[in-house]
Each structure stands twice: as C-alpha cells, then as structure tokens.
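Fold and contact review
Chain by chain, the residues run as shown.
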Amino acid sequence: MKVNVAFLTTRDNRGDPQIGDCIVITFDERFAEVQRKACIVIDGGYTSSKVALKNYLALEQIKIIDLMVATHIDNDHISGLKAFLIDYVKEKNGRKNKFELRNYWGPAPKAFEPISITEFASYIPDANDLGIEELSFISQSVDENEKLYDTVKEILAENHIFYPSVRVRDYIPEIFESMAIDILAPDKQIPDDKIKGQRLKEASLGDDLVFDLEIDLTDAVLKEKVNAAALENNRTANNQSIVIKLTPLDDNGQRIASCTFLFTGDAEKESWEFMIPRWGSELESELLKVSHHGSRTGTNEAVLQIVKPKYCIICAGKNRHGLPDEDVLKMIDEKNLKIFCTGRNPKVGESPCTGNRILRKCPRWDNVNKKHIKETIIFEVDTNAPAMTYSGNPCGFKRRNVP
Ligand SMILES: [Zn+2]
Ligand SMILES: [Zn+2]
C-alpha cells in the first residue's frame, strides 16, 4: 500500500510562509464501493491556505475527503478549513462544489461562534477600566465572523457525519479498512465556551490580526491585557488538540508497526503529561509532526524518547513568534533525526538531505506552477517495500548534496 503524507506550506495573506498546520494524507483503500484513494485532511492553516489545500487535492485527484480533523480552534489550524468548507465544499445554488466531505472531527461549530462583548470583557482582567469603546471595537470585528460561523455550522452539522470534540475514550466507528486511527488526546473535553476566550488571540497578535480580522490594537495597555488573557486561553486550546496516530494495516488487518505517523496538533506539556504515562510505547512513531510549531512547551526530551521518531516535521515558516524554538531544533538535531520545516529559515540542521533517505525534487511539481504548494513536503511511503523509503521536497532548506 502506498501512503502519501503532505505537509503543505501555510502562508499568511501576504504570501509569506507562516506557522500553521495543513496536512493531507492519501492512501490506497479497499472501500467496498469502489477502489479509490482515501483522504484525510488534518488542519488547514490560515485562511489563504484553502488554495494550497484545494490545489493539492486536485493534483492528487481527490474528490472525496473521508475525514477532516480540526485539531483545535486556533486560527493557524482552523481558518483555512473554514474557508475551504465555505468555498469548495458548500453546495452553491444547487450545484455541487468540488469536494465532498464524509467525516469531521473537531471543535463543535459552537466554538466558532463569535463572543459577546460581555463575554469578551470577562476574559480580560480589569476590563472595566478599558472603556466600552475599545471593547466594542474589538468585539464588533470578531462579530464579522458570524456569517462564516453560520455557514460552517450548516455544512458540518447538516450535511455530514459529525463527531465534534472527539476524545480518547469516545467510540468512533471505523472509517478505513487499511488504516488504523488511534485518538491519543485530549483526555478531557473542556466545554467550548470555556475555551472560546481563545478568540481573543485573534484580536491580540498585532501583525497576525491583519490576516484574519483586520484589527489593530494600538492601545498598548489594552494590547498587553488582551495578550495576557489570550496566552492563558491559548494554552487551554492547544492542550485540547486532537492527537492521532495513523498505522497502515496489511491485507490481514494487522498493523504495520514500522510505518507509523503521529500528528500532535499544538499539544503542549500538559497534554504530553497525560499521553506519556497513558500510552507509553504506543506513542512510538516513525514520523512525528512536531507539536506546536516546535515550541519548547510542545517538545522536550521525554517526548522524543518515547516517540522515537526518525523524521520530524515542523509546520512553521518565518514568524514573529520565534518558532521553532532554537532549543527544540538543537534537541532534535543532536539525535541526528531528520528535520523538515514547511517554511524557510531553519536555524539548525542546514540540510536534511543526507542519510539513506531518497530525496528528490518531485517531478510532478515542475508542471504545477502554483506558488502556494511548491514548498510542500511530501513523504511517500510504500508499506510493501523491504525498507521503507520516503521522498520529500523540503524546498525551504538550503541543500548541500541532493542525491
Ligand atoms: Zn498552531
Ligand atoms: Zn494552537
């Protein structure tokens, strides 16, 4: 069986690589109905990534998305999915759009609901000192997303099999015959309204606001308070990340343990503190989507020791958050693991193009002159090959020797 795992370069609306996850997994599946490629989409980056996602799916000749996973409610994971759903999945004027969605796992649509001004104020310490005008200003901008919220709700809740906020113990019917999916986190389900303050983050990231909400906080005091509230909420949201492990199954339904993929969303320390004792060696995976864009709260020695990855993918481009963290890159580099970054400017591990991995510039990309996808990293895995081979296209790196 062939499995393709593509880590798309996510960009902001100015076209610069940014933090943000957008991952597409395609594989041969023995669906009863017809032989076709199965497709899982995990997260969708910022809004503009909808184009990269659409282009990539078209390139892979995918028409049906069997499973869409929105790991958590942060914009760098979910905005692109929302935009994709609205532009390319929603039925318009009775005419079917390009893609059909079969299953969705992720935050309930309620999590996208705009927050009221009272609610908004409740997340900010000393909100009363700030003056209602400033708060209204932010709240109104957030409210502009209301239409978007309604549309997403409609698409997800009415037209598709819908499992909001999946957790470790939830019963989820099997979707695939040739791929096992294990849900490793989150453990608890925090009510959506408790993490909704996360939306503050959208209103608090200075430059980043431009991408999604067009808000600029010029008031330094307000900005500081909003940031403090956002940071707290952000951590809660990140630790709600759906973490899944994919393991291909052979013809007898047995797991191919040498070929495993771990997708961690933005899981931070607290989530790992649950996962490591709970799952132990079950966390072992060949390929690790490094959590939280390579932040030091997303990865530590204990994580690398238990997961034992060979390949580490960091979904980050140039960004103002300073991710990936230099210490995390060093930690991975010292273990001689291969690091890939979806954007430019990695600080350590100048070239990942050494070792026994076959690396080549994927020829099919030459014919596709789409700036949105040319830096995408693709792992191609053949589970029947005697030794698993990967090929990728980490264009963001300066290469030394490309075999
Ligand atoms: Zn993120
Ligand atoms: Zn996050």
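Computed from a predicted structure; not experimentally measured. (Residues numbered from 1 in each chain as written. Chains lettered and ligands numbered in written order. Predicted model: local features only at pLDDT ≥ 70, side-chain atom pairs only at ≥ 80, totals over all residues.)

Attention now goes to the overall build of the protein chain. What the protein chain contains, in helices and strands, is 13 helices and 15 strands. In the protein chain, buried positions account for 45% of the 403 residues. (Helix = DSSP H or I, 4+ residues; strand = E, 2+ residues; numbered from the N terminus. Buried ≥ 20, exposed ≤ 12 C-beta atoms within 10 Å, placed from the backbone.)

On to the environment of Asp327. Inspection of the secondary structure assignment puts Asp327 in helix H12 (residues 326-334). Residues Asp327 and Ser295, 32 residues apart in the sequence, show an inter-C-alpha distance of 8.8 Å.

Looking now at the nonpolar core. Counting residues in hydrophobic clusters, the biggest one holds 78 residues, and the most contacted among them are Ala6, Ile23, Val24, Met68, Val69, Ile313 and Ile314. The dominant element in this core, judged by the number of residues it contributes, is helix H2 (residues 75-89), at 6 residues. (Core = buried A, V, L, I, M, F, W, Y, C linked by C-beta atoms within 7 Å.)

So, about the pairing of strand E14 (residues 338-341). A two-sided burial pattern is seen for E14, the buried positions comprising Lys338 and Phe340 on one face and Ile339 and Cys341 on the other. As judged from the 4 bridges shared by strand E13 (residues 311-314) and E14, these two strands associate in the parallel manner. In the strand pairing of E14, Cys312 is matched with Ile339. (Pairing = 2+ DSSP bridges.)

With that out of the way, let us pick up H2. Among the 15 residues of H2, 12 are classified as buried, and the element is accordingly described as predominantly covered. Of all the positions in H2, only Asn75, Asp76, His77, Ile78, Ser79, Gly80, Leu81, Lys82, Ala83, Phe84, Leu85 and Val89 are classed as buried.

Attention now goes to the sheet that holds strand E10 (residues 243-248). Pairing is mixed in the open sheet, where 6 strands are placed in the order E9-E10-E11-E12-E13-E14. Two strands close off the open sheet at either side, each with one partner strand: strand E9 (179-185) and E14. The average angle at which neighbouring strand axes cross in this sheet is 15°, direction not considered. Examined bridge by bridge, strand E11 (residues 261-263) and strand E12 (residues 287-289) share 3 bridges and lie parallel to one another. By the bridge assignment, Phe261 is partnered in E12 with Leu287. Against the sheet, helix H10 (residues 269-279) makes contact with E9 and E10, and its axis sits at roughly 125° relative to E9, the strand it touches most. (Axes fitted to C-alpha atoms, helices over the stretch in contact; angles between N-to-C directions. Contact = placed C-beta atoms within 7 Å.)

A separate point is the environment of Thr71. Inspection of the secondary structure assignment puts Thr71 in the loop between strand E5 (67-69) and H2. As for Thr71 and Ile42, which are separated by 29 residues in sequence, their C-alpha atoms are 7.2 Å apart. Discounting residues that sit within four places of it in the chain, Thr71 has contacts with Ile42, Asp43, His77, Ser241, Ile242, Gly265 and Asp266.

Counting buried residues along strand E3 (residues 36-42), 5 of its 7 residues qualify, which places the element largely inside the surrounding structure. Both strand E2 (residues 23-29) and E3 contribute to a ladder of 7 bridges, which runs antiparallel. Pairing of Asp28 across the sheet is with Lys37, part of E3. Bridge analysis of E3 against E5 gives 3 bridges, and the strand direction is parallel. Paired with Ile42 across the bridge in E5 is Val69.

Taken together, the buried positions of helix H1 (residues 49-59) are Ser49, Lys50, Ala52, Leu53, Tyr56 and Leu57. For H1, the arc enclosing every buried residue in end-on projection is 160°, short of the 170-degree limit, so these residues lie on one face. Against strand E1 (2-7), E2, E3 and H2 lie the buried residues of H1. The first or second residue beyond H1 is Gln61, which carries a positive phi of 55°. (Arc of directions from axis to C-beta.)

The amide bond that connects Ala185 to the next residue, Pro186, takes the cis arrangement and shows omega of 5°. Within the secondary structure, Pro186 sits in the loop between E9 and helix H6 (192-195). Positive phi is not limited to glycine here, since Lys308 has a value of about 50°. Within the element layout of this structure, Lys308 appears in the loop between helix H11 (301-307) and E13. Here the phi dihedral of Asn336 falls at roughly 55°; this positive angle occurs in a residue that is not glycine. Tracing the backbone shows Asn336 in the loop between H12 and E14. Among the residues examined, Asn336 registers 10 C-beta atoms within 10 Å and is labelled exposed.

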